[in-house]
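Residue-level listing of the chains:
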Amino acid sequence: MRACGIPTAVEFNACYRQFQGRHYHGVVLDKNGNWLAFNPESSIPTSDNSSFETKDILNIYRFMFSEQKDTPFFLEKNGEYIPELFQLFDVEDTRRDATFLASYKKDKDGNLSLWGTHVQKNIGYINSEGNRVFCGDYAFYRLPWVYLSLAEIANMESDNSGVEKYINLVRKRAYASNWDENKHGYKSGDFTQNELAILHEKDKEFVQEGQRWWDVLRMTLTKGLRFSSVWSVGNSKQIGVEEVIEYMDRNFDPVLDSKIKMLYIEQIKNPDKLLYHASSLIRKGCHIAAIKAGSTDVGKRAASSHTGAIANSDSAVEALFRKAGIVRCFSREELTTVASIFTLKEVKGKNCAIITHAGGPAVMLADALEKGRLNVPKLDGPLAAELKSKLYPGAAVGNPIDIIGTGTPEHLATAIDFCENCFEDIDLMMVIFGSPGLVKLYDTYEVLHKKMEECKKPIFPVLPSIVTAGPEVKSFVKKGHVNFSDEVTLGTALSRVLNTPKPMSTDIQLYGVDVPEVRRIIDRLPGSGYLNPEEVRTLLKAAQIPLVEEFTSTDRDELVAFAKRVKFPVVAKVVGPIHKSDMGGVALNIRSEEHLIFEYERMMRLPDVTAVMVQPMLKGQELFLGAKYEDRFGHVVLCGLGGIFVEVLKDVSYGLSPLSYDETYSMIRSLRGYPIIKGTRGQRGVDEQQYADIIVRLSTLLRFASEIKEMDINPLVATERGLFAVDARIRIEK
């Protein structure tokens, strides 16, 4: 069979029969419903079949020959790409169909659904012997690369208008006649948002063009970060990041192998495998940092609960990384900065000393550290006074330690020595020293070099003058050091490293959960949908999750009698509708029988209401707890403070079921609102132990009830008597 030109139907028929029963099991179509391949069990169309055109044969044929031989192979060998990348593209973005050949299958009702996507770029050429040669394994550059490089430069210079301009030039080319700036245009954000926007444009623009690894490598050139190897998995169809990590883990050599792993991930196909082997590598002494591409809000579906509105596949990635101990990054600059941090001595605490000769950068660094929940403790007392006496007049030692612009290399050495030997509360040092033009930088950087070698506490060098002091910085880096040229990026990256927990246990905590009863309850349920209040209560009781006392009825007198027994004030809620508050189906702080009767009569007239529920009115801090099932990952558990914290601020932490107590405490303490849980400004705190107990039991319940697809407990009220679930919602699919 020839390997060039268009085959005849007879040739195609002979070739195609080699695929029978091996890959395709049904008609594969293009987006318009035309055939791209055929059912092996049906007859192969001939050249006079009107539904099969020459162009369709060519679309198949060009994917059916390997690099050197006339033997057919399955489409994924050189062409198939993950469908998630295809689905990131807007329908009006012309890059989608220029990059991918999408194949669809038709169901019995004639509806098309995506079957697979195959790249149409870099399919090689036909050599003189008539064989196809694939030759796209190198980076090449086009006009969009120039625009996006200029956008990077503009972002580094805080030129938001430039960022918008160059990103929109790329998008305008991509959308062509569909372009509508109001609809498709990019509006600039902060540095990280702009960086992500540039990165996502590259994801779409440079598929199979060898740019991703080079972008990361390029970001390390001024940092002094060295690579032992680069692993590329291409379209990740046969071998993904999970398989690479598995190979590294099973063949790990603690002497020869690099202990720092940087990952750029487009898809996680096997979360369990990634979790197991990444955790194993970290326990063996490795450090792993990763970017997960495609983390946008597009993946969120319309949901009927707070959990559904907040949680998405990106939440699952966040939870997976937390459990594995992987440091998550959101830009290439962060990724390479985190990797540079890994090369230094281990940080054993969160108390930072900033040593500088310039006040402004030190203040910016201190702000970044505090924002990342690290500490810049004040230095005072006799030791601070002694240090101040050894510096020039005008120096400050309160932390930041400012040796001022005229400070000498000896002054720098003195400040470092005090932080190393005298200030016991200091865990690490950050030294900012640029080019003031008043001292010889070679001498200063030589002092810094020696101190980094001698000191037990890690020292982070921030040498920002990579242009005006390029030779001096290069000399410092050549001695085996890394350099952090931007203090804010360092502060953010260090916060990510220190706030990432160690790998967590995947053992299931069974205590307190009646697993057989959970299964009996789930198995008895007749079908899919939202559980009624009594079913919810029964399920939560099986996990010993404390519930507020409540009574549901259609009888007014019964409700009044219950309210009298538990004592006013009470709360009344409708039963039936999902969104109670939106329809006026919740009444708080009912203090009298007359008020309760009024609310009962009003609520029973609302649409779809089947009954009214009454509960005692609890006073205390509102907490939130929820879960959502994500394909391949399992249940993602969310926790946080209730009310405005979850509804507006989205202050939640994510964990992957099952949860250990260590992981649960890490989730709770990572909340921005954690000081409220702990107790602040004289207010009573929350029973953190009981909150952790409830979260762990919920995660165990979910592990044995995969039918639960979405649930939330909102609010979970922390009273003086303990924590009680006041309102809960559970949706199942059977």
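Scroll up to find the structure this text is about.
The structure displayed is predicted, hence computed values, not measured ones.

### As for the nonpolar core
Generally speaking, a soluble globular protein has its nonpolar side chains buried in company with each other.
Consideration 1: The biggest cluster of nonpolar side chains holds 66 residues, and the ones touching the most others in it are Ile355, Leu369, Ile401, Ile416, Phe460 and Leu494.
Consideration 2: In this structure, Ile416 is in contact with Ile355, Met429, Val431, Leu448, Lys451, Cys455 and Ile459, ignoring residues within four places of it in sequence.
Consideration 3: Listed in part, the 45 residues of the second largest apolar core include Val518, Ala627, Ile677 and Met711.

### Here we look at unusual backbone geometry
Leave glycine aside and you will find that most residues have negative phi; peptide bonds, for their part, are mostly trans.
Consideration 1: The omega torsion of the bond from Asn399 to Pro400 falls at 10°, within 30 degrees of zero and hence cis.
Consideration 2: With respect to the helices and strands, Pro400 occurs in the loop between helix H16 (382-389) and strand E12 (401-402).
Consideration 3: The omega torsion of the bond from Phe568 to Pro569 falls at 5°, within 30 degrees of zero and hence cis.
Consideration 4: Turning to its location among the elements, Pro569 is positioned in the loop between helix H23 (556-566) and strand E17 (570-575).
Consideration 5: In this model, Ser158 sits at a positive phi of 60°, which is unusual for a non-glycine residue.
Consideration 6: Secondary-structure assignment places Ser158 in the loop between helix H5 (143-156) and helix H6 (160-175).

### Some remarks on the sheet that holds strand E14 (residues 459-462)
Consideration 1: Read across the sheet, four strands follow the order E12-E11-E13-E14 without closing on themselves; strand pairing throughout is parallel. Pairing within the sheet leaves two strands with one partner each, and these edge strands are E12 and E14.
Consideration 2: Taken together, the four bridges between strand E13 (residues 428-432) and E14 define a ladder with parallel strand orientation. Counted as the bridge partner of Val431 is Pro461 from E14.
Consideration 3: In the packing of helix H18 (residues 441-454) onto the sheet, the strands contacted are E13 and E14, and the crossing angle to E14 comes to about 160°.

Calculation notes
Residue numbering note: each chain is counted from 1, following its sequence as written. Residues qualify for local features only when their pLDDT is at least 70, as the model is predicted, and side-chain atom pairs are given and counted only at 80 or more; totals for whole chains, interfaces and linings, by contrast, use all residues. With hydrogens and water excluded, all non-hydrogen atoms of the structure serve as input to the side-chain values. Definition of nonpolar core: a set of buried residues of the types Ala, Val, Leu, Ile, Met, Phe, Trp, Tyr and Cys, connected through side-chain atoms within 4.5 Å. Burial status follows relative accessibility: with a 1.4 Å probe on protein chains alone, a residue under 20% of its type maximum counts as buried, one over 50% as exposed, and anything between as partly exposed. Residues are treated as being in contact if the distance between any of their heavy atoms lies within 4.5 Å. Strands here are runs of E lasting at least two residues and helices are runs of H or I lasting at least four, both read from the DSSP assignment and numbered beginning at the N terminus. Any two strands are treated as partners once DSSP identifies two or more bridges connecting them. Helix axes are fitted to C-alpha atoms over the stretch in contact, other axes to C-alpha atoms as well, and angles between N-to-C directions run from 0 to 180 degrees.

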